[in-house]
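Here is what each chain is made of, one letter per residue.
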Amino acid sequence: MKNPYYNPAKKHHRPDGFQNNYQSFRGKRWHEILRWRWQAWRAGHPRPLQTPIPVVAPDLDFVHANAQAGLAMQPAATWIGHITVLLQIGGLNLLTDPVFSERCFPVQWAGPQRQTPAGLRLDQLPHIDVVLLSHNHYDHMDEASLVALSQQAGGAPLFITPLGHKHWFARRGIHHVVELDWWDEHVLPASDRSLRMPVVLTPAQHWSARTTRDALRSLWGGFAVLSPDCHVFFTGDTAYSKDFTDIRQHFARAQTPEQGGGFDLALLPSAHMSRAGS
């Protein structure tokens, strides 16, 4: 299938999809996957938990008061689980890769299951203004959660995604979607309309697939959110690569003295960062 976004001037573009900047991804063959699962089963992996995972109850009064505070909003992050984080910055409520389902799989009677409940339930969230979606793997792009958010009281959030996801949302009746390529910028209105709040899609060393036939057809990435009061870097899923140097240099050039340099908060996937490739 041809890549409708293909631009030969961009090195991560391919005629049939996308690729990493510094280390090409090669999908595993069936025999490699079966051998990996067989070895894991023989070794007893994943091992069952020996003790419960500690859970901290959310401060719902603060979350909801902060959500309504406008210019007085305190920059805050509430970790909900895995890669899902509620960000409250610039007077807006943003959600990263929302996953509230019990399982990360096409069906809810099979597949990887939560070890602990989500730190916040969907019905405990404030009104979400923006959803940042990093890529289409099932542990990041959860259909039930995205559809539920699109039907929230007060109107659907804006869904910001890498290239190649609009058609997936459209088939589910969701049209408030912006697609970005690496380094593209979408400006959100901060609570003070005179302020700019850019969201930039950053490169990541990863891959994409929703089925056995669509690997690398849609793009993946991370996000830099440059609120006037807090700069956040959300990597999505990524291995460590020279992309991090590129990101640092890009924002060092782009930010003015008034904006300040660097990031105040970085949301990093530790399991992926520890490997050379992913």
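Here the structure is a predicted model, which means the values were calculated and not measured.

Draft legend 1. Geometry of unusual backbone geometry. Located in the positive-phi region is Asp-97, a residue other than glycine, with phi close to 30 degrees. By secondary structure assignment, the location of Asp-97 is in the loop between strand S5 (92-96) and strand S6 (130-132). We note that Trp-183 has phi near 80 degrees; this positive angle belongs to a residue other than glycine. When you line up the elements, Trp-183 lands in the loop between strand S8 (177-180) and strand S9 (185-189).

Draft legend 2. Empty space enclosed by the protein, seen in detail. For the structure on display, the rule yields one cavity of 30 Å³ or more. Each pocket or cavity is described by its volume, and for the largest cavity that value is around 40 Å³. Taken together, Pro-203, Ala-204, Phe-233, Thr-235, Thr-238, Asp-243, Phe-244 and Ile-247 make up the lining of the largest cavity. When the residues that make up the lining of the largest cavity are grouped by side-chain class, the tally is five nonpolar, two polar and one charged.

Draft legend 3. Just the nonpolar core, in detail. Core analysis: the largest hydrophobic core is formed by 30 residues, its most contacted members being Leu-94, Leu-132, Ile-160, Leu-188 and Val-225. Leaving out residues up to four positions away in the same chain, Ile-160 has contacts with Val-130, Val-131, Leu-132, Leu-133, Val-178, Leu-180, His-186, Leu-188, Val-199 and Phe-223. Membership of the second largest hydrophobic core comes to 19 residues, among which are Leu-86, Leu-146, Leu-149 and Phe-169.

Draft legend 4. Structural view of the packing of aromatic side chains. Within this structure, the stated rule accounts for eleven aromatic pairs. Ring geometry for Phe-159 against Phe-169: centres 5.2 Å apart, planes inclined by 40 degrees, an arrangement best described as tilted. Of the two residues, Phe-159 sits in strand S7 (residues 158-162) while Phe-169 sits in helix H4 (residues 166-170), which places them ten residues apart along the sequence. According to the relative accessible area criterion, Phe-159 is buried, its value standing at 1%. Across the ring face of Trp-168, the terminal group of Arg-172 is positioned such that the distance to the ring centre comes to 4.0 Å. Looking at Arg-210, its charged tip hangs above the ring of Tyr-138, at a distance of 3.9 Å from the centre.

Draft legend 5. A look at the environment of His-82. Its location among the elements puts His-82 in the loop between strand S3 (76-81) and strand S4 (84-89). Here the alpha-carbon distance between His-82 and Pro-269, two residues 187 residues apart in the chain, equals 8.7 Å. With near-sequence residues (within four places) excluded, His-82 lies in contact with Asp-139 and His-140. Here the side chain of His-82 touches Asp-139 through a polar contact of 3.1 Å, side chain to side chain.

Draft legend 6. Looking closely at the environment of Trp-38. As for its placement among the helices and strands, Trp-38 is situated in helix H1 (residues 30-43). Look at Trp-38 and you get partly exposed, because its relative accessible area is 48%. With 18 residues separating them in the primary sequence, Trp-38 and Val-56 have C-alpha atoms 36 Å apart.

Draft legend 7. Quick look at the layout of surface pockets. Each pocket or cavity is described by its volume, and for the second largest pocket that value is around 350 Å³. In terms of lining residues, the second largest pocket is bounded by 18 residues, among which Gly-164, His-167, Asp-214, Arg-217 and Ser-218 are the most central. Looking at the lining of the second largest pocket, its residues break down into five nonpolar, seven polar and six charged.

Draft legend 8. Quick peek at the pairing of strand S10 (residues 196-202). With six of seven residues buried, S10 lies mostly within the body of the structure. Sheet analysis places S9 next to S10, joined by five bridges and oriented antiparallel. Counted as the bridge partner of Val-187 is Pro-198 from S10. Strand direction decides the pairing type here: S10 and strand S11 (residues 222-227), joined by four bridges, are antiparallel. The partner of Leu-201 across the bridge, within S11, is Phe-223.

Definitions and limits used
- Residues numbered from 1 in each chain as written.
- Predicted model: local features only at pLDDT ≥ 70, side-chain atom pairs only at ≥ 80, totals over all residues.
- Heavy atoms only, no water.
- Helix = DSSP H or I, 4+ residues; strand = E, 2+ residues; numbered from the N terminus.
- 1 Å grid on protein atoms, 1.4 Å probe; cavity = no way out; pocket = protein on both sides within 12 Å on 5 of 7 lines; lining within 4 Å.
- Points joined across faces, edges and corners; volume = space filled by probe spheres on them.
- Nonpolar A, V, L, I, M, F, W, Y, C, P; charged D, E, K, R; others polar.
- Core = buried A, V, L, I, M, F, W, Y, C linked by side-chain atoms within 4.5 Å.
- Buried < 20%, exposed > 50% of the residue type's maximum accessible area, 1.4 Å probe, protein only.
- Contact = heavy atoms within 4.5 Å.
- Phe/Tyr/Trp six-rings, centres within 6.5 Å; stacked < 30°, edge-to-face > 60°.
- Lys NZ or Arg CZ within 6 Å of the ring centre and 35° of its normal.
- Polar contact = N/O pair within 3.5 Å; in protein donor to acceptor, adjacent residues only side chain to side chain.
- Pairing = 2+ DSSP bridges.

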